[in-house]
Amino acid sequence: MHIPELLAPVGSKEALIAAIENGADAVYFGGKVFSARQYASNFTHEELEWAIDYAHVRGVKAYVTMNTLVKDSELEEASDYLQFLCNAGADAVIVQDMGILRLLREQMPELPVHASTQMTIHNVEGVKFLKELGVKRVIPARELSLEEIRRIKSETNMEIETFVHGALCFSYSGQCILSSMIGGRSGNRGHCAQPCRKKYRMNDIEGYLLSPKDLNMSEHIGALVEAGIDSFKIEGRMKRHEYVAGVVRVYRKLIDRYFEAPVDFRVTEDEKHTLLQLFNRGFTTGYFFGNPGSELMSRKYPYNIGTKLGTVVDYEPQEKLVSIKLKAPLRAGDGIGIGGRGTGVTVRKIFIENRMVTAAKTGSLVRIPFDGDVARGDAVFKTYDSGLMATLETGNIRKIPIKIAVKARIGEPVELRINDAGNEIKIHGGLVSGAERKPISRQSIAGQLIKLGSTFFEAQEVTFDIDGNIFIPVSELNELRRRAVAELETERAQKWKRRCRKPEIAAEKRNTELKPILAVNTASVEGLEAAVDSGADVVYFGGEAFGKTLEKEDYSYAIEYGRKKGTSVFVSTPRIAKEIRYLNNLNPDGYLVANLGVLYHLRKQNTNKPIVIDYPFNVFNRLTMDYLLDYSQRVTLSPELTLQEIKNLTPFGQTECIVHGFFPLMVSEHGLVSSLFSSGRDSDFLLKDEKGFSFPIKTDSQNRTYVMNSRELCMLEYVPDIVKTGVGCLRIEAKTYDKEATREITRAYREAIDNAIAGKKIGKSCLGEYTTGHYFRGVL
């Protein structure tokens with residue numbers, strides 16, 4: 001049975017050391033650029049090379065994150081960075097951007113690629129696509145069950161890495177632009193402002209409605225192993241190094257314990273307590289055993305609650321002292337949180353009666369200085385355990401066995417060889433002389449050579465080829481040992497170094513001198529009829545349906561209706577499709593494709609129908625465009641791009657942009673409405689944030705949740721500017737509109753496009769509150 005890799009998060013030098021000392025088989029970390037955790041400490045180029053060497057010398061693999069979308073203007077910098085990582089000896093890069101992925105596989109095959117969970121890979125076909133492209137490992141969406149992962153593994157034999165512990169996102173990773181639409185901080189570029197941890201209201205329910213609990217699979221090591229998962233990944237590049245030390249230490253013990261005696265496997269109470277104390281918002285097993293519904297969510301506490309410490313019994317506002325009945329021990333230096341208000345302090349003073357103490361036992365009534373909102377009966381949590389943290393400051397240094405051989409012949413230089421089963425170092429010292437008094441013994445020689453101290457080597461054996469009456473100064477033996485160890489360390493790091501060529505940024509310019517067309521995306525027959533009758537050139541039909549579930553007859557009617565009126569009808573495919581089985585025998589004019597698995601399926605079906613790539617592919621640069629245009633006639637650009645960024649891309653192929661409508665900012669497997677309300681999945685709900693913005697909530701036929709943009713996107717008066725960029729198709733997202741609204745908006749854009757082409761003024765403008773999205777502001 002294959003022992004899975006234990007993969008640890010590293011956001012700092014201290015976290016790297018903690019991960020390795022506590023048993024990680026591999027670590028992952030990012031640089032100052034192109035990393036999905038831009039608010040972690042991360043590493044400079046010099047620090048990255050040091051970190052890679054530090055891991056390799058100790059027999060640990062080093063993966064570097066490049067798991068963000070790359071703007072076209074950043075491609076040269078990205079190419080330099082990839083060359084640096086390849087030369088530095090990274091074991092793999094973790095990638096989101098499809099263009100960067102293709103660049104690596106075609107021009108830098110010596111550097112392995114792991115497909116990030118930001119790529120939203122969630123079906124067998126998507127994994128097969130990446131395998132054919134040369135990807136070594138896939139980190140699939142966290143919304144997959146163990147059974148779905150097992151199926152992917154068995155049908156593809158691809159290396160699979162899954163998160164087993166740490167924070168979860170409400171949305172499918174790679175499909176969330178809520179942070180960027182609210183404040184310009186794109187989660188797809190490492191700047192997520194974590195809007196899912198904010199407070200919201202739906203109807204009369206208020207709380208942290210989008211905040212999931214933290215993943216914890218510690219009690220299910222066997223199930224993870226049996227699913228065929230190759231790497232157990234811990235989340236936490238933005239957490240303290242003590243967190244990394246503690247969680248890695250626990251999971252190292254659990255994995256080893258399971259493989260020693262699977263039948264007797266268990267998690268101790270101390271281990272459970274450690275994981276709780278280090279960080280938790282409540283624990284969940286996520287989607288591994290099916291959709292957990294409300295059990296997934298931590299709607300009361302969006303932050304660390306640690307362990308239960310006690311209950312507030314009184315508060316003295318003038319003295320600012322809170323009285324707490326303890327259910328667990330408390331020490332000065334511990335951190336506490338009270339209630340669900342996010343209030344917390346580090347305990348500096350503890351009073352029992354009128355006596356100040358440094359620690360208090362379970363059952364004590366203590367008074368603690370506290371300035372904040374507090375009420376009798378509030379739960380008190382220990383969020384930081386100073387005693388536990390002290391035990392995590394030092395780990396068990398991983399030792400690498402070496403063999404030492406000494407050759408000492410009188411009149412010849414002393415020779416020392418050390419071997420770590422992969423590398424051998426041979427060095428020479430001064431000439432060996434005969435002993436004038438007492439000769440040095442083998443035991444004395446060995447005693448000096450095995451003094452490896454704080455190094456990570458340990459002597460497995462020492463062998464001798466020496467004359468009997470020799471003398472070697474102890475100082476020389478120590479110097480030989482130090483030199484040999486230093487050279488072995490260097491050799492262990494250098495063997496991973498490469499000499500890589502810088503990838504060339506090249507993309508073919510394609511003919512884009514075509515009259516721009518108008519597309520409408522809808523999921524109702526009435527909407528399709530309105531769009532066709534009002535001047536749409538192409539209608540996308542289907543995909544995520546928020547109302548009536550579409551039947552095959554609806555598709556057939558829509559396709560035929562469009563053909564009678566001279567309008568192309570493309571079948572729209574959903575961005576989440578765990579099983580692909582509904583595309584056959586529809587005979588549409590083409591397909592709007594929203595995920596890699598569907599694209600693979602259509603390619604293998606040898607369909608001759610045109611394909612349009614949808615915006616969930618997150619197209620940000622010419623390389624991604626160029627690659628996807630090999631499979632399609634047109635690519636929909638990311639809604640996070642500006643007009644100028646769009647203009648820079650249009651020479652490289654046919655493009656499409658969303659210009660109007662409400663579209664999803666988050667897509668979640670969690671049924672938000674059904675988990676909060678007993679009925680009303682098809683009803684309209686609004687999610688209201690603390691600033692007063694309201695986000696429409698839609699639910700599809702699979703009970704997935706879609707958080708829509710709070711304001712309608714409207715670019716009507718800017719149609720001439722969009723046409724001037726060279727965009728080939730302007731799209732209206734009409735799935736939330738009724739027939740009349742679809743008709744009116746389609747007519748307005750039909751007129752605006754025709755007027756822009758003819759050089760006439762736009763007749764209409766946007767009404768009410770609306771947004772121009774990122775067209776004029778862009779994202780970090």
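Up top you'll find the structure we're talking about.
Attention here is on the structure that accompanies the text. Just so it is clear, the structure is predicted and the values come from calculations on it, not from any experiment. (Residues numbered from 1 in each chain as written. Predicted model: local features only at pLDDT ≥ 70, side-chain atom pairs only at ≥ 80, totals over all residues. Heavy atoms only, no water.)

1. A short note on the packing of aromatic side chains
Item 1. Applying the stated criterion across every chain, the model contains 20 aromatic pairs.
Item 2. With centroids separated by 5.2 Å and ring planes inclined at 75°, the aromatic side chains of Y301 and F381 adopt a geometry described as edge-to-face. Taken together, the positions of Y301 in the loop between β12 (283-284) and β13 (307-316) and F381 in strand β22 (residues 379-384) put the pair 80 residues apart, joining distant regions of the chain.
Item 3. On the basis of relative accessibility, which here comes to 13%, the residue Y301 falls in the buried class.
Item 4. Judged by relative accessible area, F381 falls into the buried class, the value being 9%.
Item 5. Through a chain of ring-to-ring contacts, the aromatic side chains of F129, Y600, Y627 and Y631 assemble into a single cluster.
Item 6. If you follow K233 out to its NZ or CZ, it ends over the ring of Y28, 4.4 Å from the centre.
Item 7. It is K239 that lies over the ring of Y243; its NZ or CZ is 5.0 Å from the centre. (Phe/Tyr/Trp six-rings, centres within 6.5 Å; stacked < 30°, edge-to-face > 60°. Helix = DSSP H or I, 4+ residues; strand = E, 2+ residues; numbered from the N terminus. Buried < 20%, exposed > 50% of the residue type's maximum accessible area, 1.4 Å probe, protein only. Lys NZ or Arg CZ within 6 Å of the ring centre and 35° of its normal.)

2. Digging into helix α6 (residues 146-156)
Residues separated by three or four positions in an α-helix point in the same direction, a consequence of the helix having 3.6 residues per turn.
Item 1. Every buried residue of α6 is listed here: L146, I149, I152, K153 and T156. For α6, the arc enclosing every buried residue in end-on projection is 120°, short of the 170-degree limit, so these residues lie on one face. When the buried face of α6 is taken as reference, the exposed residues oriented beyond 90 degrees from it are E147 and S154.
Item 2. In the core, the buried residues of α6 are packed alongside α5 (124-133), β7 (159-166) and α8 (221-226).
Item 3. Looking one or two places after α6, you find N157, whose phi comes out positive at around 55°. (Arc of directions from axis to C-beta. Contact = heavy atoms within 4.5 Å.)

3. Some remarks on the state of the cysteines
Item 1. Under the defined criterion, the tally for this structure stands at two disulfides.
Item 2. Between the sulfur of C86 and that of C500 lies a disulfide, 2.0 Å long from S to S. Every disulfide takes its handedness from the sign of the S-S torsion; for C86 and C500 that torsion is -60°, giving left-handed. Taken together, the residues span a long stretch of sequence, with C86 in helix α3 (residues 75-88) and C500 in the loop between α13 (474-494) and β29 (517-522) at a distance of 414 residues. Taken as a pair, C86 and C500 share a single burial class, namely buried.
Item 3. Linked covalently through their sulfurs, C714 and C766 form a disulfide whose S-S length is 1.9 Å. (Disulfide = S-S within 2.5 Å.)

4. What to know about helix α16 (residues 596-604)
Item 1. Counting buried residues along α16, seven of its nine residues qualify, which places the element largely inside the surrounding structure.
Item 2. Taken together, the buried positions of α16 are L596, G597, V598, L599, Y600, H601 and L602.
Item 3. Looking at the buried residues of α16, the elements they touch are α4 (98-107), α5, β32 (590-593), β33 (611-613) and α17 (622-628).
Item 4. For α16, the N-terminal capping position is held by N595, with its side-chain oxygen 2.8 Å away from the main-chain nitrogen of G597. (Polar contact = N/O pair within 3.5 Å; in protein donor to acceptor, adjacent residues only side chain to side chain.)

5. Details of a nonpolar patch on the surface
Item 1. Together, Y39, M238 and L780 make up a nonpolar patch on the protein surface, roughly 310 Å² of accessible area in all.
Item 2. Along the polypeptide, L780 turns up in the segment after β42 (770-771).
Item 3. A relative accessible area of 48% places L780 in the partly exposed class. (Patch = residues over 30% accessible without salt bridge, like charges linked within 9 Å, V, L, I, M, F, W, Y side chains within 5 Å. Areas by Shrake-Rupley, 256 points an atom, 1.4 Å probe, with all protein chains shown as cover. Salt bridge = Lys/Arg side-chain N within 4 Å of Asp/Glu carboxyl O.)

6. Side note on the sheet that holds strand β23 (residues 400-408)
Item 1. Here four strands make up an open sheet; going across it, the order is β25-β24-β23-β27 and the pairing mixed. Every other strand in the sheet has two partners, leaving β25 (424-431) and β27 (457-466) as the edge strands with one partner each. Between one strand axis and the next, the sheet turns through 20° on average, direction left out of account.
Item 2. Here strand β24 (residues 413-419) pairs with β25 via six bridges, running antiparallel. By the bridge assignment, L416 is partnered in β25 with I427.
Item 3. Contacts from helix α12 (residues 442-449) reach β23, β24 and β27, with the element oriented near 150° to β27. (Pairing = 2+ DSSP bridges. Axes fitted to C-alpha atoms, helices over the stretch in contact; angles between N-to-C directions.)

7. Overview of the nonpolar core
Item 1. V27, F29, M202 and Y749 are the most contacted members of the largest nonpolar core, which has 201 residues in total.
Item 2. Here the element with the most residues in this core is helix α9 (residues 241-260); it accounts for 10 residues.
Item 3. Apart from residues no more than four positions distant in its own chain, M202 is found in contact with L209, L672, V673, L676, F677, F685, L686, L687 and I697.
Item 4. Of all hydrophobic cores here, the second largest spans 27 residues; its members include L416, V432, L477 and L480. (Core = buried A, V, L, I, M, F, W, Y, C linked by side-chain atoms within 4.5 Å.)

8. A closer look at the pattern of salt bridges
Item 1. With the rule as written, the count across this model stands at 60 salt bridges.
Item 2. The closest approach of N and O atoms between K497 and D53, which form a salt bridge, is 2.7 Å. With K497 in the loop between α13 and β29 and D53 in helix α2 (residues 45-57), this residue pair connects regions lying 444 residues apart in the sequence.
Item 3. With its nearest N and O atoms 2.7 Å apart, the salt bridge here joins D214 to R281. Of this pair, D214 sits in strand β10 (residues 214-216) while R281 sits in the loop between α10 (269-278) and β12, placing them 67 residues apart in sequence.
Item 4. You can call D214 buried: its relative accessible area is 2%.
Item 5. Each member of the salt-bridge network shares a partner with another, and the members are E5, R137, E159, E161 and K233.

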